[in-house]
2 protein chains.
Amino acid sequence: MRIGTRGRYALTIMFYLASNYSKERYVSLKEISDNEGLSFKYLEKIMVDLNKDNYLDVQRGNNGGYRLKKEPKDYSIGEILRKVEGDLSPVDCINKGCSRGKKCMSYPFFEGLNNEINSFVDNKTLADYI
Amino acid sequence: MRIGTRGRYALTIMFYLASNYSKERYVSLKEISDNEGLSFKYLEKIMVDLNKDNYLDVQRGNNGGYRLKKEPKDYSIGEILRKVEGDLSPVDCINKGCSRGKKCMSYPFFEGLNNEINSFVDNKTLADYI
DNA sequence: TGTATTCCTACCAAAAAGGTAGTATAATAC
DNA sequence: GTATTATACTACCTTTTTGGTAGGAATACA
């Protein structure tokens with residue numbers, strides 16, 4: 001039941017971008033890592049996943065960096081976490097199927113928990129916490 | 001966001017004990033590991049945590065084993081999982097406190113998620129799934 | 001006293017988490 | 001057109017966690 005540094009830092013980055021959301025400016029990872037006291041190199045690696053499918057606007061070079069592509073209210077927390085942490089289900093059998101068949105009493109519980117978690121994170125957006 | 005084998009096997013054990021709940025009989029770990037196809041030695045180790053604070057009735061020796069001490073409806077899933085997996089909060093800052101102070105926008109989200117998860121698992125009991 | 005059981009301690013291998021390091025590539029300012 | 005400031009890519013590495021195995025001691029009962 002854990003969200004690791006990848007998920008936490010990804011949220012830190014996204015909240016930073018959301019707080020500084022302006023079509024006029026790109027925010028560099030250096031600025032974020034300096035302000036938040038996080039490893040620049042590690043954030044760079046997290047960005048590889050976070051920016052899959054062109055999730056953000058990017059600009060290289062001088063005054064470059066990252067910028068939200070949509071409004072904060074259009075970025076769900078669930079989507080962000082999944083980008084960097086992978087699937088959020090509490091156990092594998094939710095996606096890969098249960099090998100124990102009908103007799104498994106745990107499965108319905110895990111399904112319920114899975115729904116609870118995912119519907120919560122998918123219904124929250126960056127805008128809800130700024 | 002993971003429940004590992006410890007948590008899953010602990011539930012398997014508890015559902016097994018609940019399904020075979022009778023004051024007349026103790027269920028041995030051997031019987032459970034055989035029926036469920038799990039490592040006896042590994043289950044033994046899980047029992048060390050699962051039975052902390054005399055959570056179950058135990059009897060050593062011939063025809064010994066484990067037995068529920070209370071009725072299935074009085075064992076919450078949350079309690080069981082916490083015994084073997086430790087705290088269920090998605091991030092450490094929930095219990096150890098947030099080091100980022102008031103500016104942390106992630107914290108309220110994590111608090112919400114933590115409440116969601118814990119109230120779900122604490123309101124479900126073994127009896128709900130038998 | 002033999003057998004079936006839990007209890008306790010120690011060890012161990014594989015995987016995941018949490019990074020660091022170096023270089024290539026691109027965009028812009030001058 | 002070149003120096004500077006960014007991201008992008010590739011490789012490596014250490015520590016912690018996970019998921020076990022192994023062996024013997026203690027206990028209860030037949």
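Each remark here, short or long, concerns the structure printed above.
From a predicted model like this one, the values you see are computed outputs, not experimental measurements.

Parameters at a glance
Residues numbered from 1 in each chain as written. Chains lettered and ligands numbered in written order. Predicted model: local features only at pLDDT ≥ 70, side-chain atom pairs only at ≥ 80, totals over all residues. Heavy atoms only, no water. Core = buried A, V, L, I, M, F, W, Y, C linked by side-chain atoms within 4.5 Å. Buried < 20%, exposed > 50% of the residue type's maximum accessible area, 1.4 Å probe, protein only. Contact = heavy atoms within 4.5 Å. Helix = DSSP H or I, 4+ residues; strand = E, 2+ residues; numbered from the N terminus. Buried area = accessible area lost by both parts, 1.4 Å probe. Salt bridge = Lys/Arg side-chain N within 4 Å of Asp/Glu carboxyl O. Polar contact = N/O pair within 3.5 Å; in protein donor to acceptor, adjacent residues only side chain to side chain. Axes fitted to C-alpha atoms, helices over the stretch in contact; angles between N-to-C directions. Parallel < 35°, antiparallel > 145°, perpendicular 65-115°, else oblique. Left-handed = near helix turned anticlockwise from the far one by under 90°. Nonpolar A, V, L, I, M, F, W, Y, C, P; charged D, E, K, R; others polar.

A. How the structure looks around the nonpolar core. If you look at the biggest cluster of nonpolar residues, it comprises 80 residues, and the most contacted ones within it are Met14(A), Phe109(A), Met14(B) and Phe109(B). Not counting residues within four places of it along the chain, the set of residues in contact with Phe109(A) comprises Leu11(B), Ile77(B), Leu81(B), Phe120(B), Val121(B), Lys124(B) and Tyr129(B).

B. Region of interest: unusual backbone geometry. Residue and element names in this part refer to chain B. For aspartate 53, which is not a glycine, the phi torsion comes out positive at approximately 60°. Along the polypeptide, aspartate 53 turns up in the loop between helix H3 (40–50) and strand E1 (56–59). Its identity as a non-glycine residue notwithstanding, asparagine 63 has a phi of 60°, on the positive side. By secondary structure assignment, the location of asparagine 63 is in the loop between E1 and strand E2 (65–68).

C. Summary view of the environment of Met47(A). All names here are of chain A. For methionine 47, the location among the structural elements is in helix H3 (residues 40–50). For the pair methionine 47 and tyrosine 75, spaced 28 residues apart in sequence, the C-alpha to C-alpha distance is 16 Å. The contact partners of methionine 47, leaving out residues within four places of it in the chain, are Ile13, Leu29, Leu56 and Tyr66.

D. Geometry of the interface of chain B and chain A. Chain B puts 34 residues into the contact, and the matching count from chain A is 34 residues. Across the chain B/chain A interface, buried area totals approximately 3200 Å², and carbon plus sulfur atoms make up 64% of it. Scanning the region where chain B abuts chain A turns up six salt bridges. Note that Arg100(B) and Glu36(A) form a salt bridge whose closest N and O atoms lie 2.6 Å from each other. Seen at the junction of chain B and chain A, the total is eight residue pairs in polar contact (both at pLDDT 80 or more). Mapped by element, the contributors of at least two residues to the side of chain B that touches chain A are helix H1 (5–19), helix H2 (29–36), helix H4 (77–85) and helix H6 (106–122) of chain B. Broken down by element, the side of chain B that touches chain A gets its largest block of residues, ten residues, from H6(B).

E. Fine view of the packing of helix H2 (residues 29–36) of chain A against H3(A). Residues and elements named next belong to chain A. Here H2 crosses H3 at 125°, and the two axes come no closer than 9 Å. Comparing the axis directions of H2 and H3 gives the class oblique. Once H2 is placed against H3, the crossing between them reads as right-handed. In this structure, H2 contributes Leu29, Lys30, Ile32 and Ser33 to the contact, and H3 contributes Phe40, Leu43, Glu44 and Met47. For the contact of H2 with H3, a count of residues per class yields five nonpolar, one polar and two charged.

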